[in-house]
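Chain by chain, the residues:
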Amino acid sequence: MGRRSEMCAGLAALVMAAFAAPAGAQLGLPGGLDPLGAIDRTRGAVSGAAEDVVDRSLSGVSAIVGDARQLAQDRLGRLRDFVSARRDSVDWDDRHEPARAGELLLLDPDVESLARAADTGFALIEQGEIGDLGIAYARLATPRGEPLARAIAQLRRALPGHEITADQLHFPSGTASAKASGRPAAALPKGGTVGVIDGGIAGSDRLAGQGAFATGGPKANDHASAIASLLKGAGTARIYGADVYGTDPAGGNALAIARALGWMAAQRVPVVSISLVGPANPLLARAVGAARARGIVVVAAVGNDGAAAPPAFPASYTGVIAVTGVDGRGRVLIEAGKAAHLDYAAPGADMTALVPGKGRIGLRGTSFAAPLAAARIAARIGQGKDAGAALQAANGEALAPSRRTGRGVLCMVCRTGE
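The structure presented is a predicted model; accordingly, all values stated were derived computationally and were not measured.

Some remarks on the sheet that holds strand β5 (residues 135-141)
Taken together, the four strands give an open sheet; going across it, the order is β4-β5-β3-β6, and neighbouring strands pair in antiparallel fashion. The strands lining the two open edges of the sheet, one partner per strand, are β4 (123-130) and β6 (164-165). As judged from the five bridges shared by strand β3 (residues 103-107) and β5, these two strands associate in the antiparallel manner. Of the residues in β5, the one forming a bridge with Glu 103 is Ala 141. On top of the sheet, helix α4 (residues 148-158) reaches β3, β5 and β6; it is set at about 30° to β3, its chief contact.

Here you go:
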C-alpha cells in the first residue's frame, strides 16, 4: 500500500470513529431539526456507508468530514432562523437553546419560593402537577422586557437551591418527501400498544385515543400521521397520540411533553415513542424517570443533525431506549445524530407511509426508526411479557449489533406504512 493510500485509510478510520461516537452515542438536538417539516439536508454524495470510505480519495474523505461539520452548522442556522421568525413566542435560554419566551418553570414550588419570586418580579401564571407522575411545577412570567437568559440568572439568584429552567423546545427528527410506492412488511410477531408524543395524528384506524397538550390541538400533522402509518404497517394494534404542537408557535416545549407522558401513564400505555429532539431539561428528565418507574418503556430518536451536534434529548436520558436509523442496505444514516447511549437501530430511509391528503410518501430520518423499535417492544409486551423480558426478546431478534447500531437493527423489513 502506497503512502497516499495509507494516509487515506488512516483518515477514513478517524472519520468512521467520529461517526460511530462512543459505544452508543448518536445525536440530534433542538432538533432533528426541521421544525415540523423542513427540508432534508443530507448530502447525497456522502449518504453511503463507512465501508465505502476506504475506497475514496483523500478529497472524498475530506468531503465526509466537511459534511459532518456542515450538518452541525446547518442545525445552528435553522435554529437562528426559527427563533428570528418567532421573536414574540421564542427566545434563547441561558444555554442558547430555543425556549418559550417570557416564561420560566420552577420545580417543586412552595409558598415561600412563590412569594419570593413574586417579590423579584416573576408573576405566577400557573401552578400544577404532571398528572399520574406526581411532579409539581409552577409557570412564572419573567419581568417585562427581560431577556430569557438574564431572567433565569436573576431568578436563580433569588431562589438558591431551587430547580429553575426555561421551557425548551423540541423538534421532529425526520422529514416526509414526495409520493412513493411500497411493499408490505414480512411477518413478525405483531400487536401491542404504542403511545406517540408528536403532532396530531389523522387517518389512522388504530388510534385508540388522542390528547392535546398545546393550544389548538390536536391538529393533524404529517410527521405524526406518517409515524402512525408506520406503526400500523409494523403490526401495532393500538395507538395513543399526544399532540404537543397544536398551533402553538412555541409548541414541542418540555412542559407539554412532560404532560403528555403523564397522560400516557394515566392511559396505561406500556411503550411511548418520542421522535423529537431538544436539550436536557430537568422537568422532562423527572417526567421520563417517573414514567419509567411506573414500568413505561420510553423510546426516542437520536435526531438528524450529524455526529458533530450535541447529544439529543430525550434519547440521552437514563433508561430511555435510544434509536438511530439505517437505510435499505443496513447502513446508518449519514445525518444520524447521537445520544449519551445507543440501544437499537431501525429503518430510517428507503421507506414509505400513507398520509391523509398526500397518499403514499417517502420518509427519511431517525424519527421513523424510533416508532418501529417501539412497535417491536410493544408486540412482545402484548404477548404478556414484562418490560425487561420484552427488551430481552427484542435483543434476540435484533440484527447486526455494532457500535453504530447498538444491540442491533430491529424491524428491518418494516418499511411500508399502512
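Right, picking up where we left off after that structure.
A word on the pairing of strand β9 (residues 193-198)
Two faces make up the sheet, and in a regular strand the side chains alternate between them. Of all six residues that make up β9, six are buried, and the element is covered over most of its length. Every second residue of β9 is oriented toward a common face, with Thr 193, Gly 195 and Ile 197 on one face and Val 194, Val 196 and Asp 198 on the other, all of them buried. Of the pairings in the sheet, the one linking β9 to strand β11 (residues 238-243) comprises six bridges and is parallel in character. Along β11, the bridge assignment pairs Asp 198 with Asp 243.

Examining unusual backbone geometry
At the junction of Gly 217 and Pro 218, the peptide bond is cis and its omega measures out at -5° in the coordinates. Relative to the helices and strands, Pro 218 is located in the loop between β10 (207-212) and α5 (222-233). For the bond running from Phe 313 to Pro 314, omega is 15°, close enough to zero to count as cis. Relative to the helices and strands, Pro 314 is located in the loop between β14 (297-301) and β15 (321-326). Not every positive phi belongs to a glycine, and Asp 132 is a case in point at roughly 70°. Note that Asp 132 resides in the loop between β4 and β5. Overall, the relative accessible area of 41% leaves Asp 132 in the partly exposed class. In the Ramachandran plot, Ala 400 falls in the positive-phi region, its phi being about 50° despite a non-glycine side chain.

Considerations on the sheet that holds β9
Spatially, β10-β11-β9-β12-β14-β15-β16 is the arrangement adopted by the seven strands of the open sheet, whose pairing is parallel. What marks the edges here is a single partner per strand, and that holds for β10 and β16 (344-347). On average, each strand axis in the sheet is inclined to that of its neighbour by 25°, with strand direction left out of account. In terms of strand pairing, β14 meets β15 through three bridges, oriented parallel. Residue Ala 300 lies in a different strand from β15, and its bridge partner there is Ala 322. Running over the sheet, helix α8 (residues 369-382) touches β9, β12 (271-274), β14, β15 and β16 and is turned about 160° from β14.

How each quantity is defined
- Residues numbered from 1 in each chain as written.
- Predicted model: local features only at pLDDT ≥ 70, side-chain atom pairs only at ≥ 80, totals over all residues.
- Heavy atoms only, no water.
- Pairing = 2+ DSSP bridges.
- Helix = DSSP H or I, 4+ residues; strand = E, 2+ residues; numbered from the N terminus.
- Contact = heavy atoms within 4.5 Å.
- Axes fitted to C-alpha atoms, helices over the stretch in contact; angles between N-to-C directions.
- Buried < 20%, exposed > 50% of the residue type's maximum accessible area, 1.4 Å probe, protein only.

Read these as layout, nothing more, since geometry by itself doesn't imply function.
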